[in-house]
Amino acid sequence: MSPLLDVKDLVKHYGVGQGLLGRLFGAPPRKVQALNGVSLHVGAGETLGLIGESGCGKSTLGRAILRLHEPDSGSVTFGGVDVTALDTGGLKAMRRRMQIIFQNPYASLNPRKPVGEILAQPLRLHRLAEGAALRERVREMLEHVGLRAAHADRYPHQFSGGQRQRIGIARALILNPEFVVCDEPVSALDVSVQAQIIDLLARLKRELGLTYLFISHDIAVIGYVSDRVAVMYLGEIVENGPARAVLRRPYHPYTRALMSAVPRVDRADQQQERVRLHGDLPSPMDPPPGCRFHTRCGFATDLCRSVAPLRRQLEEDRMVACHHFPEPAP
Ligand code: SF4
Ligand code: MG
């Protein structure tokens, strides 16, 4: 069966100007290589967890899939439709089916509008409901996310962080989408509230038959919500596969470094050698040659420093992009 979402070789570079010295010396404009040929797929009803450090391109990928940022090249196919080829009208229709929940619910809610208005706006824009039917749909959606009908008259600042994220979720789901990009939906929340929102998203997924791309830098969150996992480093997917397999037996040194930062309870995992992450994420304006991870990888060889590893397809839907793991290069 073909996947609901199929992303192939997505590329997105941002121009960031030359900088002051560059302008003085006539240097060419610099580019941030945010996405460097990203491919992934998500099956209907599945949650694909996308993990990586902040600044690695996760949000750019989520937005490029929805064409909130236009990708430079590559393709996004959703339900058999080529999203990258849609005109404005086609894209508007597609937005009903593909939605996004943002990290910071407060920044994404209009402070001057009551919550009922915020939720009604997408319904009006798509001419889906008006009058009593529209108010009924807003009430239904508020209750779906654990709020009350009376909350429709209040303004965003009158809610707690967790409640605001519930409003953000209601706004994303009010059009009945099939697919939702959850972009760090709990990262801005108190730890005590995170579990409630994660459970809410899981319940809504079951009840409404949703498919998620769930973005997080928190491996515990990713491990909890994901059916499959994709690991991103400097604009590239370095490993992906079933969540259990990737998180219990990671192949790529970067995934292993992320995992070994997490305290584990089961003994078998503690015996796995700890892989430490050295230094900071290099600038996406000037990514290292060869394997982009080589500047921080304890296993890097001359081959790694000069040749980018191929994406190798392994058993049961697993991919890894490394010269030396799972088995050494000859
Ligand atoms: Fe490390 Fe080399 Fe593998 Fe890159 S290709 S992750 S540098 S061992
Ligand atoms: Mg982000």
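None of these values were measured; they are calculated from a predicted model.

## Overview of the pairing of strand E9 (residues 228-233)
In terms of residue burial, E9 counts as a mostly covered element, since 6 of its 6 residues are buried. Residue alternation in E9 divides its side chains into two sets, Arg228, Ala230 and Met232 and Val229, Val231 and Tyr233, and both sets are buried. Bridging between strand E3 (residues 47-51) and E9 involves 4 bridges; their strand directions are parallel. Residue pairing in the sheet places isoleucine 51 in a bridge with valine 231 of E9.

## Brief notes about the pairing of strand E8 (residues 211-216)
Counting buried positions over the 6 residues of E8 gives 6, a clear majority of the element. Burial of E8 is two-sided: the residues Thr211, Leu213 and Ile215 facing one way and the residues Tyr212, Phe214 and Ser216 facing the other way are all buried. In this structure, E3 lies alongside E8, joined through 5 bridges in parallel fashion. Residue pairing for E8: threonine 47 is matched across the bridge by tyrosine 212. Judged from the 5 bridges that link them, strand E7 (residues 179-183) and E8 form a sheet pairing that is parallel. Directly across from phenylalanine 179, in E8, lies its bridge partner threonine 211. A crossover links E7 with its parallel partner E8, the connecting element being helix H7 (residues 191-208), and its sense is right-handed.

## As for the sheet that holds strand E2 (residues 31-42)
Overall, antiparallel pairing links the 4 strands, which are arranged E2-E1-E4-E5 in an open sheet. For this open sheet the edge positions go to E2 and strand E5 (81-82), each flanked by a neighbour on one side alone.

## What about helix H6 (residues 161-173)?
With 13 residues, H6 should reach 18 Å at 1.5 Å per residue; the first-to-last C-alpha distance of 18 Å fits that figure. Buried residues dominate H6, accounting for 10 of its 13 residues. Among the residues making up H6, those that are buried are Arg164, Gln165, Arg166, Ile167, Gly168, Ile169, Ala170, Arg171, Ala172 and Leu173. Of the surrounding secondary structure, the elements contacted by the buried residues of H6 are strand E6 (98-101), helix H4 (115-125), helix H5 (131-144), E7 and H7.

## What to know about the sheet that holds E9
A sheet is described by the order of its strands in space; here 8 strands give the open sequence E6-E7-E8-E3-E9-E10-E12-E11, paired in mixed fashion. The sheet terminates laterally at E6 and strand E11 (312-313), the two strands that pair on one side only. The strands that helix H10 (residues 253-260) touches are E3, E9 and strand E10 (236-242); relative to E9, the one it contacts most, it runs at about 105°.

## Thoughts on the packing of H4 against H6
Direction vectors running N to C along H4 and H6 enclose 25°, while the axes themselves pass 8 Å from each other. With respect to H6, the axis of H4 lies roughly parallel. By crossing handedness, the relation of H4 to H6 is classed as right-handed. In this structure, H4 uses Val115, Ile118, Leu119 and Pro122 to contact H6, whose residues at the interface are Ile167, Ala170 and Arg171. Among the residues making up the contact of H4 with H6, the classes are represented as 6 nonpolar, no polar and 1 charged.

Definitions and cut-offs
Residues numbered from 1 in each chain as written. Chains lettered and ligands numbered in written order. Predicted model: local features only at pLDDT ≥ 70, side-chain atom pairs only at ≥ 80, totals over all residues. Buried ≥ 20, exposed ≤ 12 C-beta atoms within 10 Å, placed from the backbone. Helix = DSSP H or I, 4+ residues; strand = E, 2+ residues; numbered from the N terminus. Pairing = 2+ DSSP bridges. Right-handed = clockwise from strand over helix to strand, strands pointing away. Expected span 1.5 Å × (residues − 1). Contact = placed C-beta atoms within 7 Å. Axes fitted to C-alpha atoms, helices over the stretch in contact; angles between N-to-C directions. Parallel < 35°, antiparallel > 145°, perpendicular 65-115°, else oblique. Left-handed = near helix turned anticlockwise from the far one by under 90°. Nonpolar A, V, L, I, M, F, W, Y, C, P; charged D, E, K, R; others polar.

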